[in-house]
Amino acid sequence: GQQVMQIPQYQHVQEGEDFTTYCNSSTTLSNIQWYKQRPGGHPVFLIQLVKSGEVKKQKRLTFQFGEAKKNSSLHITATQTTDVGTYFCDDAGNMLTFGGGTRLMVKP
Amino acid sequence: DAGITQSPRYKITETGRQVTLMCHQTWSHSYMFWYRQDLGHGLRLIYYSAAADITDKGEVPDGYVVSRSKTENFPLTLESATRSQTSVYFCASRRGEDTEAFFGQGTRLTVV
């Protein structure tokens, strides 16, 4: 699988602020999957993006796939304490390898 | 997700001992994976399997052995546990390429 880099590694936000995490690859990705891991929990699938320029929304979460299919972003509008966790991206090729993740902490 | 289970959930073992972590899935998914996650870090792939009797190394395979004689089971064995193998281990499965992965609850292993 492709190695993807995620930035930032950590992000502290005040509740109600927006949050964005980025996933970058030096090579073209076949598709991108996003997962969320709550503290003490296991990763849970959020979404998959396949098409160039694709944008998908899940309530306050917006996922975007770059036009060149080399990057992706996850944007959370008006964060809540329930958004706390680590967000991982992955190029879902044959070998499921994850980026390092972005750990989101939300101050109430 | 009740369809993929790991056992045990917690394990303490001594350096040098052999220990096996079990992973069982009920969906007949072709692909299965083992990861380790160290405190505050991401997931690192240890081994994966595309089908029964087919396994391949991931990023950090040294010190680990896997087998997959049946589609539903994918045990991970630490042949001679070391303290550096203290970690949380996650098993995952998915039906095919580019499909959603489902993770087990994890096994917290401590090597003393």
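Here we summarise the structure given alongside this text.

Conventions adopted
- Residues numbered from 1 in each chain as written.
- Chains lettered and ligands numbered in written order.
- Predicted model: local features only at pLDDT ≥ 70, side-chain atom pairs only at ≥ 80, totals over all residues.
- Heavy atoms only, no water.
- Helix = DSSP H or I, 4+ residues; strand = E, 2+ residues; numbered from the N terminus.
- Rg over C-alpha atoms; globule rule 2.2 N^0.38 Å.
- Buried < 20%, exposed > 50% of the residue type's maximum accessible area, 1.4 Å probe, protein only.
- Contact = heavy atoms within 4.5 Å.
- Pairing = 2+ DSSP bridges.
- Axes fitted to C-alpha atoms, helices over the stretch in contact; angles between N-to-C directions.
- Buried area = accessible area lost by both parts, 1.4 Å probe.
- Salt bridge = Lys/Arg side-chain N within 4 Å of Asp/Glu carboxyl O.
- Polar contact = N/O pair within 3.5 Å; in protein donor to acceptor, adjacent residues only side chain to side chain.

1. Describing the overall build of chain B
Part 1 of the reasoning: Helix and strand counts for chain B stand at zero helices and 11 strands.
Part 2 of the reasoning: Listing every helix and strand of chain B by position from the N terminus yields β-β-β-β-β-β-β-β-β-β-β.
Part 3 of the reasoning: In summary, chain B has a C-alpha radius of gyration of 13 Å against a globular reference of 13 Å for 112 residues, a match within 12%.
Part 4 of the reasoning: A principal-axis box enclosing the C-alpha atoms of chain B has dimensions of 35 × 25 × 20 Å.
Part 5 of the reasoning: Sorting the 112 residues of chain B into buried and exposed places 48% on the buried side.
Part 6 of the reasoning: Sequence-distant contacts in chain B: of pairs separated by 6 or more residues, those separated by 24 or more amount to 54%.

2. With respect to the sheet that holds strand β4 (residues 32-37) of chain A
Residue and element names in this part refer to chain A.
Part 1 of the reasoning: A sheet is described by the order of its strands in space; here five strands give the open sequence β2-β10-β9-β4-β5, paired in mixed fashion. Each of the sheet's edge strands pairs with one partner strand only, and the pair in question is β2 (10-14) and β5 (44-49). Pairwise comparison of adjacent strand axes, ignoring direction, gives a mean angle of 20 degrees for this sheet.
Part 2 of the reasoning: Relative to β5, β4 is paired through five bridges, and the arrangement is antiparallel. Across the sheet, residue Gln33 finds its bridge partner in β5, namely Gln48.

3. Side note on the interface of chain B and chain A
Part 1 of the reasoning: The interface of chain B with chain A comprises 22 residues on the first partner and 21 residues on the second.
Part 2 of the reasoning: Of the roughly 1700 Å² buried where chain B meets chain A, counting both sides, 53% is carbon and sulfur surface.
Part 3 of the reasoning: Where chain B packs against chain A, one counts zero salt bridges.
Part 4 of the reasoning: On the surface where chain B and chain A come into contact, there are six residue pairs in polar contact (both at pLDDT 80 or more).
Part 5 of the reasoning: Counting only elements with at least two residues in the side of chain B that touches chain A, the list comes to β4 (31-37), β5 (43-51) and β9 (87-94) of chain B.
Part 6 of the reasoning: A total of four residues in the side of chain B that touches chain A trace back to one element, the largest contributor, which is β4(B).

4. Some words on the pairing of β9(B)
Residue and element names in this part refer to chain B.
Part 1 of the reasoning: Within β9, eight of the eight residues are buried, which leaves the element mostly enclosed by the surrounding structure.
Part 2 of the reasoning: Burial of the side chains of β9 extends over both faces: Ser87, Tyr89, Cys91 and Ser93 are buried on one face and Val88, Phe90, Ala92 and Arg94 on the other.
Part 3 of the reasoning: With seven bridges joining them, β4 and β9 adopt antiparallel strand pairing. Within β9, the position partnered with Gln37 by the bridge is Val88.
Part 4 of the reasoning: Summarising the sheet, β9 and strand β11 (residues 107-111) pair through three bridges and their orientation is antiparallel. Counted as the bridge partner of Ser87 is Leu109 from β11.
Part 5 of the reasoning: Where β9 meets strand β10 (residues 102-103), two bridges bridge the pair, whose relative direction is antiparallel. Note that in β10 the partner of Ser93 across the bridge is Phe102.

5. Description of unusual backbone geometry
Part 1 of the reasoning: With an omega of -5 degrees, the peptide bond between A:Ile7 and A:Pro8 qualifies as cis.
Part 2 of the reasoning: One can find A:Pro8 in the loop between β1 (5-7) and β2.
Part 3 of the reasoning: At the junction of B:Ser7 and B:Pro8, the peptide bond is cis and its omega measures out at -10 degrees in the coordinates.
Part 4 of the reasoning: When you line up the elements, B:Pro8 lands in the loop between β1 (4-7) and β2 (10-13).
Part 5 of the reasoning: Residues other than glycine seldom take positive phi values, yet A:Lys69 does so here, at roughly 55 degrees.
Part 6 of the reasoning: Non-glycine residue B:Asp53 carries a positive phi angle of around 70 degrees.
Part 7 of the reasoning: Note that B:Asp53 resides in the loop between β5 and β6 (54-57).
Part 8 of the reasoning: Assessed through its relative accessible area of 64%, B:Asp53 is described here as exposed.

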